[in-house]
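# Inside the fold
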Amino acid sequence: MKVRSKSELDELRKKGWECLRPSGGISLVVGMASCGLAAGAEAVYRKAVEIAGRRPGDCRILKTGCLGFCQREPLVEVRTSAGERMVYGPVASSELEGYIEEWSRGIFPDKGKIGPLPPLPPNPPPTASLLSWLPDHPFYKHQVRLASRNCGHIDPEDLAQALALGSYQGLARCLSAHSPEEVLREVKSSGLRGRGGAGYPTGSKWETARNAPGANRYLICNADEGDPGAYMDRSLLEGDPHAILEGMIIGAYATGSRHGLIYVRMEYPLAIERMRHAIEEASSLGFLGEDILGTGFAFDVDIVEGAGAFVSGEETALIAAIEGRMAEPRPRPPYPAIEGLYGCPTIINNVETWANIPMIIENGASWFAGLGTAGSKGTKVFSLVGAVAHTGLVEVPMGTPLRAIVEEIGGGARPGRKLKAVQTGGPSGGCIPAERFDLPVDYESLAAQGSIMGSGGMVVLDDESCMVDIARYFLDFTRSESCGKCTPCREGLDRMLHILENIADGKGTEQDLDRLIDMSLGIKDASLCGLGKSAPNPILTTLNDFRHEYLAHVLDRSCPAGVCKALITYGIDSGACSGCEACAKFCPTGAISGEKDLPHRIEVEKCVKCGACREVCRFEAIRVGAAG
Amino acid sequence: MDVEALARYWRNRPGKVTGALQALQKEAGYLEENAMNRLAEALEVPLTQLYGVATFFSAFRLEPRGRRHIQVCQGTACHVRGGARIMEKLQRDLGVAPGEVTGDGRFSLEAVRCLGCCGLAPVAVVNDSLHGRLNQARMGRLFRSIEDQDEGTI
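Each residue is numbered by its place in its chain's sequence as written, counting from 1. Here chains are named by letter from A upward and ligands by number from 1 upward, in the order in which they appear as written. Totals for whole chains, interfaces and linings use every residue, but because this is a predicted model, local features are given only for residues with pLDDT of at least 70 and side-chain atom pairs only at 80 or more, for both listing and counting.

### Topic: the overall build of chain A
Secondary structure summary: chain A contains 24 helices and 18 strands in total. Our radius of gyration is a C-alpha quantity, and the globule rule it is checked against amounts to 2.2 Å times the number of residues to the power 0.38. Radius of gyration (C-alpha) of chain A: 26 Å, near the 25 Å computed for a compact globule of 628 residues. The dimensions of chain A, computed from C-alpha atoms along their principal axes, are 80 × 65 × 40 Å. Sequence separation of 24 or more characterises 71% of the internal contacts of chain A that already satisfy a separation of 6 or more. Helix and strand assignments come from DSSP, with helices taken as H or I runs of at least 4 residues and strands as E runs of at least 2, each series counted from the N terminus. For every residue pair, C-beta atoms are placed from the backbone, and the pair is scored as a contact if these atoms sit within 7 Å.

### Side note on the interface of chain B and chain A
With 44 residues of chain B in contact, the opposing surface of chain A contributes 49 residues. Counting residues per element, the ones that place at least two in the side of chain B that touches chain A are α2 (16-28), α4 (47-56), α5 (76-80), α6 (83-94), β4 (129-131) and α7 (136-153) of chain B. Tallying contributions element by element places α2 of chain B first for the side of chain B that touches chain A, with 5 residues. Under the scheme applied here, ten amino acids are nonpolar (Ala, Val, Leu, Ile, Met, Phe, Trp, Tyr, Cys and Pro), four are charged (Asp, Glu, Lys and Arg), and all others, including Gly, are polar. Looking at the side of chain B that touches chain A, its residues break down into 20 nonpolar, 16 polar and 8 charged.

### With respect to unusual backbone geometry
Residues and elements named next belong to chain A. In this structure, the amide linkage connecting Glu73 to the following residue, Pro74, adopts the cis form with an omega of -5°. Geometrically, the link from Pro333 to Pro334 is a cis peptide bond, its omega value of 0° lying close to zero. Among the structural elements, Pro334 can be located in the loop between α12 (315-322) and β9 (346-350). Notably, Glu581 is not glycine yet its phi reads approximately 75°, a positive angle.

### Concerning the domain arrangement of chain B
One frequently used descriptor of interface size is the decrease in accessible area upon assembly of the parts. Each domain of chain B was delimited in the assignment, giving domain 1 (3-56) and domain 2 (68-153). Put simply, the middle of domain 1 of chain B and the middle of domain 2 of chain B, counted by C-alpha atoms, are 29 Å apart. Domain start and end points were adopted from an automatic or database domain assignment.

### A word on helix α11 (residues 269-284) of chain A
All names here are of chain A. For α11, with 16 residues, the first-to-last C-alpha span of 23 Å sits near the 22 Å given by 1.5 Å per residue. Buried residues are those with 20 or more other C-beta atoms within 10 Å of their own C-beta, exposed residues have 12 or fewer, and partly exposed residues lie in between; C-beta atoms are placed from the backbone. All of the buried residues in α11 are Ala271, Ile272, Arg274, Met275, Ala278, Ile279 and Ala282. Residues of α11 that are buried sit in contact with α5 (159-164), α9 (232-239), α10 (241-255), β7 (259-264) and β8 (300-305). Of the residues flanking the end of α11, it is Gly286, one or two places downstream, whose phi is positive at about 85°. Helix span, as expected, comes to 1.5 Å for every residue beyond the first.

### Some words on the nonpolar core
Core analysis: the biggest nonpolar cluster contains 231 residues, and Ile249 of chain A together with Val123 of chain B have the highest contact counts within it. When residues in this core are grouped by element, the largest group, 9 residues, is from α10 of chain A. For Ile249 of chain A, the residues in contact, after removing those within four places along its chain, are Leu171, Phe287, Leu288, Ile292 and Phe299 of chain A. Counting 15 residues, the second largest nonpolar core, distinct from the first, contains Ala591, Ile602, Ala612 and Ile622 of chain A. In this usage, the nonpolar core is the set of buried Ala, Val, Leu, Ile, Met, Phe, Trp, Tyr and Cys residues whose C-beta atoms join them within 7 Å.

### Some points on the sheet that holds strand β10 (residues 379-386) of chain A
Residue and element names in this part refer to chain A. For two strands to pair, DSSP has to find at least two bridges joining them. Spatially, 5 strands are ordered β11-β10-β14-β12-β13 in an open sheet, and the strand pairing comes out mixed. This sheet does not close on itself; its edge strands, each paired only once, are β11 (392-397) and β13 (430-433). Each strand axis lies, on average, 30° off the axis of its neighbour in the sheet, ignoring direction. Across 5 bridges, strand β12 (residues 419-424) lies against strand β14 (residues 457-462) in antiparallel orientation. Within β14, the position partnered with Leu419 by the bridge is Asp462. Throughout, an axis means a line fitted to C-alpha atoms (over the contacting stretch in the case of helices), and angles, computed between N-to-C directions, take values from 0 to 180 degrees.

### Remarks on the pairing of β10 of chain A
Residue and element names in this part refer to chain A. Judged by how many residues are buried, β10 sits mostly within the fold: 8 of 8 residues are covered. Across 4 bridges, β10 lies against β14 in parallel orientation. Bridge pairing in β14 places Val385 opposite Val459.

### Structural notes on the environment of Glu620 of chain A
Residue and element names in this part refer to chain A. Here Glu620 is to be found in the loop between α24 (612-616) and β18 (622-626). Among the residues examined, Glu620 registers 11 C-beta atoms within 10 Å and is labelled exposed. Put simply, Glu620 and Ala576 are 44 residues apart on the chain and 7.0 Å apart in space, counted from C-alpha to C-alpha.

### With respect to the sheet that holds strand β4 (residues 85-88) of chain A
The strands making up a sheet are joined through hydrogen bonds of the backbone, oriented either antiparallel or parallel. Residues and elements named next belong to chain A. The sheet built from 5 strands is open, its strands ordered β2-β1-β3-β4-β5 with mixed pairing. Edge positions in the open sheet fall to β2 (59-64) and β5 (113-117), since each of these has one partner strand only. Each adjacent strand pair in this sheet contributes to an overall mean axis angle of 20°, direction not counted. Bridge analysis of strand β1 (residues 26-31) against strand β3 (residues 76-80) gives 5 bridges, and the strand direction is antiparallel. What sits directly across from Ser27, in β3, is Arg79. The strands that helix α3 (residues 41-53) touches are β1, β2 and β3; relative to β2, the one it contacts most, it runs at about 155°.

Right, dumping it as structure tokens:
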């Protein structure tokens, strides 16, 4: 059935709203994005369905995407027919029976309770709007969820629910009331910049492609989210695929494109599955295909699965991969907006960029431009992970101080630890030391620190993270992901990694540090694409702000964070050891000995420094000291 | 398998080479030499290009993997939270390096770049099922439960 009129659309929205808001009994909404699944949401969901089967009419079970608060997964939201909403996590399937018993009587026990969501009104909102999150919870209260507005509210596999929250209304408005030029102008004046990393103005890119000669235009959604430590795009694809599709269709209308492709990395099977389903649903209702919403406009979308290569996120490499070649970048110009896929003008935008478009159309460019800073408009989704108390996906207005993100939303360091830095922008970014956490997070401020916003990865590092090890980690990554086409990147990164490995092994010299800087500058200058040009950033920023850690490795032959294996030994603090024997049981080499209830000891010669003892010790008796 | 039909499906599609290779790999679990020769011909793509792509991307294998495939995430968040130690443990226990298969063909081990479950780091995938918040002890338990399942089926 194709949607042809406003009344048909309203009918669907009403149906979706009835799913979202129970009219009797309670609804349980289980967070079923990949993070939830990794924490055991599948078992929770199955148990919930089983219990609900015994309570017909009283309890309904729904699925949703990512609620963002990974730290507390598996997350379950309970909705009552009075419109109340309460979020719980972590919820174990064994506790579910008891929870449901209480929830259905209107009781919200404190155990596992995260907090209330504002109630759902009796009728769907008239336009796409931002639903509030937990207004009193430190993890949520600073967030403005725009790109991720529907994630965690709707079942991503039920288009009616997305429609109830206003999906495709922006598209309907574009097609019925605006010319492509007007849409283009709106996106341009919103100030939206690409969310994939480079921050290029989206409207300008569209305009270039629209004005480029050629009968055929392609539009690509870059979902090859390659930065390790970043999963914003996965969550959007898994949680609200229609926001991305709607953005693409609007983009196609504005630029005159007929075909769209979504290039998704193969590491995201669930995202691929849900997007495929969303395309089918959108096509069956006439939001995609021929004669969209009866206006004569035509556009289709296909999925291309990536095959595992970091460099294929680079736009010319991505095009090469789609065309069937190795994903090697080529020099630009010509830019893909002029000469891209199969030689045609091609608009390539990142997942989050596309997800922003419908709200810009719905609420207007000036509304969007009112969020953020002078040069960086709107909001940005970040994956706040690593050594931080509350890990999760957060969306905040551009310009939010790093401190607010890490210490308020993220809850600061884990118990007993001390924050050291935040690594932003993945392998192309840098490390911002804790002293500079007042920095506003926007494109310009991060660039001024030698880092980048990148796609939105924020990996928090604490006193247990060694900056030499982090630099080596990223170089190992970029070295092996270098496509090998240009020499500075291929050979230079390899040589730099060799130097860093030497330093980590306690065999480096102070001259090595200068050598690293020289090589970094050369590689940045001479590499062909963004991978090589930015790969030295983690080294340069750590050398600049954490030189003392490098010096400890090369001068004192010590690793202050206790990470670099060649420079540390494991020992047991006999005062703290209870003699519980847990460590001795787990030691893979039998290096730990002692009598029960008496302090144990580690034989240094047998110890392989795997750290298993430290992971299982409940008395913090395992100490890491300097080697030798 | 019908390599020719597969090639017909992919010949004019975007992502034709990676798509066809993935479909081919799904059949046998790896890219078998004979099938590659036939695919190159049917897809009208030089064999060098096919092997170029197959060895460029990490998705493709020219040899079969183990019956139980373990992917350990080596993303940044996992690295910071001990992902490398999980990998080292599996290497010790299985006696293989990442990318290798145990002698009895039961297990293969793979280091993956980032599974995008960073909030639950460190994570691993065992035969398509995700497991988060691991440490060496939990990985050990997970591993033993797999071995127990296998005992039951063999």
